[in-house]
Structures are given as structure tokens and as C-alpha cells.
Number of protein chains: 2
Amino acid sequence: MSRYQAGIRTEAKIIEATRSLLARGGLEAATLKAICDEAGVKAGSFYNLFDSKEEAVIRVVRESIDAVDPDPDGAGTDSVDDLVTAFVRFFEEQPLMARVYVLAALNTEPSENGARKRFLRHHQRRVERFADAMIRSNSGERPDETEMNAELLLGALDGLAFRWSLDPTFELSRFAREAAKRLS
Amino acid sequence: MSRYQAGIRTEAKIIEATRSLLARGGLEAATLKAICDEAGVKAGSFYNLFDSKEEAVIRVVRESIDAVDPDPDGAGTDSVDDLVTAFVRFFEEQPLMARVYVLAALNTEPSENGARKRFLRHHQRRVERFADAMIRSNSGERPDETEMNAELLLGALDGLAFRWSLDPTFELSRFAREAAKRLS
DNA sequence: ATGTAATTGGAATGAACACTCAAAGTTGAG
DNA sequence: CTCAACTTTGAGTGTTCATTCCAATTACAT
């Protein structure tokens, strides 16, 4: 009943190859052929385990984002500053992965709702995290205002990250912190 | 010595076809074949007038952005509110064109500086416009703080627009105005 | 051991697409 | 009217890429 060990190992090799390629060369480098070569596997094996290339890419990007989460278990101990730091770290440490994330979100056709809804859910979870952290640190605040603030701060962070991706000399960290100061 | 009329007309037809396709279906719809069919022209004519497809696309996107400029002549009469309104209008009236703009900025390889530098220059001009408008409306402010504010506000607007592109029910206009209120 | 189900190899498919070229046609200045 | 410069044609090139197919092989439960 359980899965074959061989399949599990192959899947791990494919994911690792995809991660390595995305981190080194972005979406352009992660062609199916490159992934299979890097993993030492043929195309048939890939499609035995994944429905599409996109599936593997999305999984890797999601895992990369989770890897910098300051509170992966949802204990509710993260401050706004922790969250901003984690955000900045993701972009500074894995710039190509971040670019893949944004491209994947934009490239999904407006019609096909699957991928787009996933991104939206992820965004909304982040907004809630920020809002919770804001309430924790600053209890004398109206709840609707907090949500607005969280949405504005995340918007600012996304935009500043985009700005930084155009010009890596942009001081993302400094601006991100300043945005947090004024919007929470 | 002056250009042949035929070439000028063909160029106009190609630009118009490109604009129409980008507005209707985004980058995916604007293939070379589609552009040429729409313009009633063959591929060879296209390449007689343009060095690459990208050249035509960039021209159309730039013209679309200029078309919503509240102060195209640089008279210095635009307020922060005018600029925010123009920004929101561009996204709401030409969502696909806006998406093309962002994609084009992100898709350029980090190595090839040409296209990326163009986007950066455009961004910096926008920051200056915002900073000037801020100084005009609120003269008792330190200049370095103004620049920071302008950069933060534009970052927020870009990020909110991205947010909106994931979910068109997001009230871009309301959030954009709120961001302007808090960051200027 | 044996049969079934999972896995693998790797060639083949087929679609998409930007771009080129040489020959034929057109324009317009003098 | 003439001729060089310009423009158009449209088939053709070359490339990249994800995905499919299925026979051969291997893993695993009984």
C-alpha cells in the first residue's frame, strides 16, 4: 500500500535539483531537461511523480518561504519587527527565488484560478500575521484600522522589494524598517 | 532624405496592432504573428522597421503610461493627489498593460542592463515627481525626509497594485489614498 | 517464488515562437 | 523618366521546451 522507496528517493532528488537550479539561475535555468539532468533522472520518471513542472517549482518556492518563517509553528510569539526582518531576509538571501515567486504569481492567467488563489491565500495569511503582531505590541488600536495598517505595510514591503529587484543597491532593509515604523 | 510615407504608415499600423493586442490579452496575446496579422503585414516588414518585438512592446507600454500623466509638460502643477489618482487610473483602466510593464521589468536578465536601467530611470523620475509635489504642498519639511517619503509612497503604491492584480476586488483606490495620507 | 503495481528509460511528439533572407515591388527626388 | 533607396513578401530557419508513450525493469506484499 505504501509508496515505493525508489519513488520517494527520486522525488527528493528532483525537488533538490529544482531548488538548486532555481536558486542559481531562476526560472530560466530550471528547464525540465536541466532538472532531470541534475537529478540524474529521465523525463518519464519526472512525470511519474509530478503532474507538471510547475508543481515542482511551486513546491520549492513555498518551502523556501517557509524556511525563513520566524514562527513556523504559529505560536504567536513573532513581533512586527521579526516579520519585517524575515521578509527582508528572504529577498536578500534568495533573490532569484523571490523573483520566481513574483513571476509565478503574475504569469498565471487571470482565467485559471488555481495558482492565483494560492498566492492570494498566502498573502492573506501574511496580512493576518502582521495584524496579530501589531495588536500584540500595540493593544490600544481599533481592529479595522489594524487590518488596514497590515495591508498597507505588506503592500509597501512588496513594492520596496520590487524596487530593490530593479536595483540591488537600494537599501531594502532600511526602507522596510522605516515603512514598518510609519505604518504600524 | 525624409522617410518614405509607406514605412511611416506601416510603423503606425504595427504600433496600433501591438497596443490593441496588449490591451486585450497581455504579453501572451502579442506574439509576432498576431501583431503582423492584426497589422496586415508580414514578418519581414516588421523587422525592417523594428529591431525586435520587445522594442515595439516597450514603446507601446511607455506611451500608455504617458497617456495618463496628469502633467505631461512638466509644468510642476501636479499635486500628490493628482499623481496617486493617475497611478490608480493606469492600473484600473489598463490592467493588462500594467501587468506587461511589471513583467517586462522583471523578465529582463540581471546581466543585460539595457531594459532594466530604463525601468529604473523611469522609477526615479516618478520619485522626483512625488517628492516635488510633496514639497510644494508641505513646505516645512526636511528634504532628505521628503525623498524617503516619496520612495516609501511609491513602494506602497507598487505593492498595492500588485496586490490588486492578484485580486481585482481589492479596493486599490481606497488603500492607495490611505497610503498617500500616511506617507506624505 | 510470484504477480501486481510502481518506476524508469529515452526516443518521439508537437507546438510555439522570434527572427532571417533573397527576390520582387514601390516610392519619390532630380 | 530613371534609378537608387526603401519597403514588402512569405516561406524558411533554428531553437527551445514541456509533455507523452510504452516497453522494460524493479520493488514489494503475500
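Whatever comes next refers back to the structure up there.
Residues numbered from 1 in each chain as written. Chains lettered and ligands numbered in written order. Predicted model: local features only at pLDDT ≥ 70, side-chain atom pairs only at ≥ 80, totals over all residues. Heavy atoms only, no water.

Enquirer: Describe the relation of the copies chain A and chain B, and please don't skip the residues or the numbers.
Expert: If you rotate chain A by 180° and push it 0.0 Å along the axis, it lands on chain B with an RMSD of 0.1 Å. The symmetry that links the two subunits is that of a two-fold axis. Here 100% of the interface residues in chain A have copies in chain B that are interface residues too; the copies meet face to matching face. (Least-squares fit on C-alpha atoms with pLDDT ≥ 70 in both. Contact = heavy atoms within 4.5 Å.)

Enquirer: Outline the side chain of A:Thr18, supporting the account with residue identities and numerical values.
Expert: Residue and element names in this part refer to chain A. Its location among the elements puts Thr 18 in helix 1 (residues 5-29). Of note is the side chain of Thr 18, whose polar atom sits 2.8 Å from the backbone oxygen of Ile 14. Every residue in contact with Thr 18, bar those within four places of it in the chain, is listed here: Ile 35, Ala 56, Val 57 and Val 60. (Helix = DSSP H or I, 4+ residues; strand = E, 2+ residues; numbered from the N terminus. Polar contact = N/O pair within 3.5 Å; in protein donor to acceptor, adjacent residues only side chain to side chain.)

Enquirer: Tell me about the packing of helix 5 (residues 80-93) of chain A against helix 8 (residues 143-166) of chain A, and please be specific about residues and values.
Expert: All names here are of chain A. As a packed pair, helix 5 and helix 8 sit with axes 11 Å apart at the nearest point and diverge in direction by 25°. Considering the angle they form, helix 5 stands roughly parallel to helix 8. Every pair of crossing elements has a handedness; the one defined by helix 5 and helix 8 is right-handed. Here Val 80, Val 84, Phe 87, Phe 91 and Glu 92 of helix 5 lie close against helix 8, whose contacting residues are Leu 153, Leu 157, Asp 158, Ala 161 and Trp 164. For the contact of helix 5 with helix 8, the residue count by class is eight nonpolar, no polar and two charged. (Axes fitted to C-alpha atoms, helices over the stretch in contact; angles between N-to-C directions. Parallel < 35°, antiparallel > 145°, perpendicular 65-115°, else oblique. Left-handed = near helix turned anticlockwise from the far one by under 90°. Nonpolar A, V, L, I, M, F, W, Y, C, P; charged D, E, K, R; others polar.)

Enquirer: Outline the protein's contact with DNA strand C, listing residues and values.
Expert: Residues in close proximity to DNA strand C total 17 residues, the closest being A:Thr10, A:Gly44, B:Leu32, B:Tyr47 and B:Lys53. A:Tyr4 is positioned with one of its side-chain polar atoms (N or O) 3.1 Å from a base nitrogen of DNA strand C. B:Gln5 places a polar main-chain atom, nitrogen or oxygen, 3.5 Å from a phosphate oxygen of DNA strand C. Counted by class, the surface near DNA strand C contains six nonpolar, nine polar and two charged residues. (Near = heavy atom within 4 Å.)

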